[in-house]
Amino acid sequence: MKKALVISGGGAKGAFAGGVAEYLIKEKKKKYDIYIGSSTGSLLVTHLALGKVDEIRDVFINVNQKSIFNNCPFKIKKNHGHKNIHINMFRVLWSLFRKELTFGQSLNLKDLIKDNIHPSYVEELKKSKKEVFITISNFTEKQIEFKNLRENSYDDYCDWVWGSCNLIPFMSVLEKNNKQYADGSFGSIIPIKKAILEGAKEVDVIILDTENILYNQFLANNTFSVLFQAFDFMMYNIGQRDINSGRFRAEHSGVKLNFYFTPRVLTLNPLLFDKEKMTKWWKSGYKFAEENYIK
């Protein structure tokens, strides 16, 4: 019986998913045949498929804005002890002056991915029976695509991982094969259906959001706030569609779905990467899976 691990998008909240996955893989010794990641989930699945949990944890929780952006459109301000993201007008205007496609550029993230997904990792997975899929949105053809690791070269695979994480217009557009690609979450933030179509009969689904809405969004006070609210609205509804379609297909295909939602709202700023918070989220993900393990 094939088993799959699906990890949703969620930016910095991916640390929580890492903690859940660590418990499932290291403590419960779960063996998955299929790994599917969307957006931040794409950063995790390669190492998880190889069992390199400690390695990806160290990389993930140490990511910061400089690790991702070579031109960051945000600036971080502290208000009443809390860090918040605000527009960096100079950086945005500079991008517009240079006729860049987006407000910010995330080339540093591309380098980080290549530094930590080694060619030997890709070759090892190609020799195994495991299937690893990266979810990405093809903006040119308006399609959701799932890139299979074993069907791509090392460089192409790293490109797909990078493109899957690029939340435009804040991060770079992946231009490849005369097409433009971006964050997988724009098309499928929780790709349950893909796991079932690949033959999985049991799917562990890590969703980087609460099962029910637990907060009211603050009123927007600048252009970026409006954009973040628009993306939050869109991602929530795409996620609900993915969950409902996944449940429907599972019921008609005899597939068992095990959901792991975040028990609380982790952050309203998923593009704010803070080592202290992500370390706590990783640990809380592990503890949550330990307390809510689904047999």
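Higher on the page you've got the structure.
Colleague: Please explain the overall build of the protein chain as it appears in this structure.
Modeller: For the protein chain, the helix and strand inventory stands at 11 helices and 10 strands. For a compact globule of 295 residues, the expected C-alpha radius of gyration is about 19 Å, and the protein chain comes in at 18 Å, within 12% of that figure. With the principal axes as the frame, the protein chain shows a C-alpha extent of 55 × 40 × 35 Å. Buried residues in the protein chain amount to 53% of all 295 residues. Just so you have it, the protein chain exposes about 14100 Å², and 51% of that area is on carbon and sulfur atoms. Positive and negative side-chain charges of the protein chain, numbering 43 and 32 respectively, have mean locations separated by a distance of 2 Å.

Colleague: Quick question: what am I supposed to make of the side chain of Glu-131 here?
Modeller: With respect to the helices and strands, Glu-131 occurs in strand β5 (residues 131–138). For Glu-131, the contacting residues outside a window of four places in its chain are Asp-33, Ile-34, Tyr-35, Asn-148 and Arg-150.

Colleague: Where do I start with helix α2 (residues 40–50) in this structure?
Modeller: For the α-helix, the turn length of 3.6 residues means that residues three or four positions removed from each other point alike. Summarising burial for α2: 10 of the 11 residues are buried, a large majority. Where α2 terminates, the next one or two residues include Gly-51, which has phi positive at roughly 80 degrees.

Colleague: Would you explain the packing of helix α1 (residues 14–27) against α2 in this entry?
Modeller: When two helices pack together, their arrangement is captured by the angle between the axes and the distance separating the axes. Here α1 crosses α2 at 25 degrees, and the two axes come no closer than 10 Å. If you check the angle between α1 and α2, you find them roughly parallel. Relative to α2, the crossing made by α1 is right-handed. Residue-level contacts link Gly-14, Ala-17, Gly-18, Ala-21 and Ile-25 of α1 to Thr-40, Leu-44 and Leu-48 of α2. Considering only residue class, the contact of α1 with α2 consists of 5 nonpolar, 3 polar and no charged.

Colleague: I would appreciate a short explanation of a nonpolar patch on the surface in the present structure.
Modeller: Where nonpolar side chains cluster on the molecular surface, the patch consists of Met-89, Leu-93 and Leu-96 and spans about 290 Å² of accessible area. Mapping Leu-96 onto the fold places it in helix α5 (residues 89–97).

Colleague: Would you explain α1 in this entry?
Modeller: Between the first and last C-alpha of α1 there are 19 Å, a value that for 14 residues agrees with the 20 Å anticipated at 1.5 Å per step. With respect to burial, α1 is a largely interior element, 12 of its 14 residues being buried. The complete set of buried residues in α1 reads Gly-14, Ala-15, Phe-16, Ala-17, Gly-18, Gly-19, Val-20, Ala-21, Glu-22, Tyr-23, Leu-24 and Ile-25. Tucked into the core, α1 has its buried residues touching β1 (3–7), α2, α3 (53–61), β9 (202–207), β10 (256–261) and α11 (275–291). Looking one or two residues past α1, Lys-29 carries a phi angle of roughly 55 degrees, positive in sign.

Calculation notes
Residues numbered from 1 in each chain as written. Predicted model: local features only at pLDDT ≥ 70, side-chain atom pairs only at ≥ 80, totals over all residues. Heavy atoms only, no water. Helix = DSSP H or I, 4+ residues; strand = E, 2+ residues; numbered from the N terminus. Rg over C-alpha atoms; globule rule 2.2 N^0.38 Å. Buried < 20%, exposed > 50% of the residue type's maximum accessible area, 1.4 Å probe, protein only. Areas by Shrake-Rupley, 256 points an atom, 1.4 Å probe, with all protein chains shown as cover. Lys, Arg positive; Asp, Glu negative; His and termini not counted. Charge placed at Lys NZ, Arg CZ, Asp CG, Glu CD. Contact = heavy atoms within 4.5 Å. Axes fitted to C-alpha atoms, helices over the stretch in contact; angles between N-to-C directions. Parallel < 35°, antiparallel > 145°, perpendicular 65-115°, else oblique. Left-handed = near helix turned anticlockwise from the far one by under 90°. Nonpolar A, V, L, I, M, F, W, Y, C, P; charged D, E, K, R; others polar. Patch = residues over 30% accessible without salt bridge, like charges linked within 9 Å, V, L, I, M, F, W, Y side chains within 5 Å. Salt bridge = Lys/Arg side-chain N within 4 Å of Asp/Glu carboxyl O. Expected span 1.5 Å × (residues − 1).

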